[in-house]
Amino acid sequence: MLHPHPYFPYTQEDVDAMLAGCGAHDIDELYADVPPQLRLKAPYSLPQAMSEPELREYFNNLDSENRPLKCFAGGGVYHHATPAAVESILSRSEFLTAYTPYQPEVSQGTLQYIFEYQSMMCELTGLDVSNASLYDGSTATAEAMLMCVAAARRRKRVLISATVAPDVAQVCSTYARWHGIALDVIPERDGITCRESLREMLGAGDVAGVIMAQPNYYGIVEDMAGVADEVHAAKALLAMNCVASTLAVLRTPGEWGADIAVGDAQSLGMPMNYGGPYLGYMCTTRSLMRKMPGRIVGATTDASGQRVFVLTLQAREQHIRRDKATSNICSNQGIMALHVAAYLSLLGAAGLREINEAGCAGMHRLAEMLAATGRLTPAYPGRPYLNEVLLRVAPGLTARGIIDAAAAHGVLAGIEVAPDLLLVACTEMQSQADIDRYVQLVKSLPLHE
């Protein structure tokens with residue numbers, strides 16, 4: 001019988017030995033937990049070998065079948081422009097081919113861009129220390145939860161706001177389950193975290209940390225005044241999940257008094273790229289830096305007095321003693337950290353502010369124009385937002401119906417949060433003509449009883 005995995009280097013004797021070692025009679029028993037419909041039952045249907053020109057033509061033809069949509073969707077992933085110079089910097093050999101950062105003699109390129117990335121993320125978040133880095137915003141938030149528990153020692157309860165993005169909350173829930181952590185949800189009220197519920201839950205005296213979002217999943221910029229004081233009075237830590245690019249114009253987690261800032265850095269010019277790879281950032285206060293997972297690069301001088309870079313505070317057990325590790329994520333999204341460092345250095349504070357101002361102005365114009373149609377209105381009127389807002393769909397329409405109809409005309413209209421709720425975002429990539437087109441599409445949809 002043809003082996004379903006012809007590129008695996010195992011002989012049948014190897015497979016039999018491994019099955020015997022784990023107590024399984026055959027491959028089907030080994031993969032019994034994987035649903036049958038997800039298992040490969042035949043070799044991949046691959047075309048015959050091609051020459052290089054044929055292969056290029058083959059993939060060009062595949063690519064031509066894609067239909068690019070003008071993106072008005074957000075929910076944690078945003079369409080921003082990437083300066084052409086970023087790609088050029090990424091390809092430079094001192095960055096791209098530098099050796100493992102554990103040997104500074106041959107990896108100064110890698111160490112320098114990590115150091116610069118960390119420096120800029122600290123400035124962006126208003127906190128003392130940044131790592132480099134974690135997989136994405138969801139895993140970074142889950143690692144922040146573990147940090148809160150590690151710092152509290154005997155407390156194993158963490159609170160997470162209902163306004164945190166669902167995918168982030170789900171990853172935190174998975175981490176909590178396997179680390180014996182009680183993860184409780186702070187209810188929302190009118191689109192924001194219910195402060196009365198938060199105070200009541202903190203009053204139990206067993207909370208290690210609190211996780212909140214800024215802006216939250218509905219695009220609302222929450223007023224965090226006094227939250228850190230209440231959390232700290234309960235001897236807990238405050239972690240804030242923030243959209244990285246918005247920190248150029250919003251009050252920083254450090255200014256709010258947060259202990260940990262986490263999130264996804266995708267909004268700092270990373271292509272959406274079908275879902276990744278992205279970059280989970282994490283910054284914290286100086287007092288917590290020994291609890292923080294990931295790499296930290298410091299600057300020093302060598303024997304000749306030259307400025308050089310080295311890894312610092314790198315606990316060896318993070319790699320060899322899983323039970324003692326601050327985290328079991330040991331790999332670093334290095335090329336993505338370089339991407340962010342290049343992007344931020346090219347734009348600077350003024351450029352990042354301009355991008356946020358453009359997205360904010362566009363989103364407010366779009367929301368006002370849609371509201372004038374009577375078909376899409378803010379779900380939480382009066383709540384402040386930056387470049388993303390949750391809209392309520394009028395009777396006779398559905399969020400899914402709007403998305404499908406708009407996609408047929410080359411527009412990605414947003415994210416369906418509920419049958420009558422549509423989450424819409426705007427960045428510098430949407431022109432006034434794009435906004436007008438979106439509004440006309442919505443106005444043209446027939447209403448159903």
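These numbers come from a predicted model, not from an experiment. (Residues numbered from 1 in each chain as written. Predicted model: local features only at pLDDT ≥ 70, side-chain atom pairs only at ≥ 80, totals over all residues. Heavy atoms only, no water.)

1. Some thoughts on the overall build of the protein
And then number 1: The secondary structure content of the protein amounts to 15 helices and 17 strands.
And then number 2: Relative to the globule expectation of 22 Å for 449 residues, the C-alpha radius of gyration of the protein, 24 Å, shows essentially globular dimensions.
And then number 3: Burial statistics for the protein: of 449 residues in total, 45% are counted as buried.
And then number 4: Carbon and sulfur atoms make up 54% of the accessible area of the protein, which amounts to about 22900 Å² in all.
And then number 5: Averaging the coordinates of the 34 positive side-chain charges in the protein and doing the same for the 48 negative ones gives two points 7 Å apart. (Helix = DSSP H or I, 4+ residues; strand = E, 2+ residues; numbered from the N terminus. Rg over C-alpha atoms; globule rule 2.2 N^0.38 Å. Buried < 20%, exposed > 50% of the residue type's maximum accessible area, 1.4 Å probe, protein only. Areas by Shrake-Rupley, 256 points an atom, 1.4 Å probe, with all protein chains shown as cover. Lys, Arg positive; Asp, Glu negative; His and termini not counted. Charge placed at Lys NZ, Arg CZ, Asp CG, Glu CD.)

2. Regarding the sheet that holds strand S4 (residues 182–186)
And then number 1: With mixed pairing, the seven strands of this open sheet are ordered in space as S2-S10-S9-S8-S7-S3-S4. Pairing within the sheet leaves two strands with one partner each, and these edge strands are strand S2 (129–130) and S4.
And then number 2: Bridge analysis of strand S8 (residues 237–242) against strand S9 (residues 260–264) gives three bridges, and the strand direction is parallel. Among the inter-strand pairings, Asn241 is bridged to a residue of S9, identified as Val262.
And then number 3: Of the strands in this sheet, strand S3 (157–161), S4, strand S7 (207–214), S8, S9 and strand S10 (280–284) touch helix H7 (residues 137–152), which is tilted by about 160° from S9.
And then number 4: In the packing of helix H8 (residues 166–178) onto the sheet, the strands contacted are S3, S4, S7 and S8, and the crossing angle to S4 comes to about 155°. (Pairing = 2+ DSSP bridges. Contact = heavy atoms within 4.5 Å. Axes fitted to C-alpha atoms, helices over the stretch in contact; angles between N-to-C directions.)

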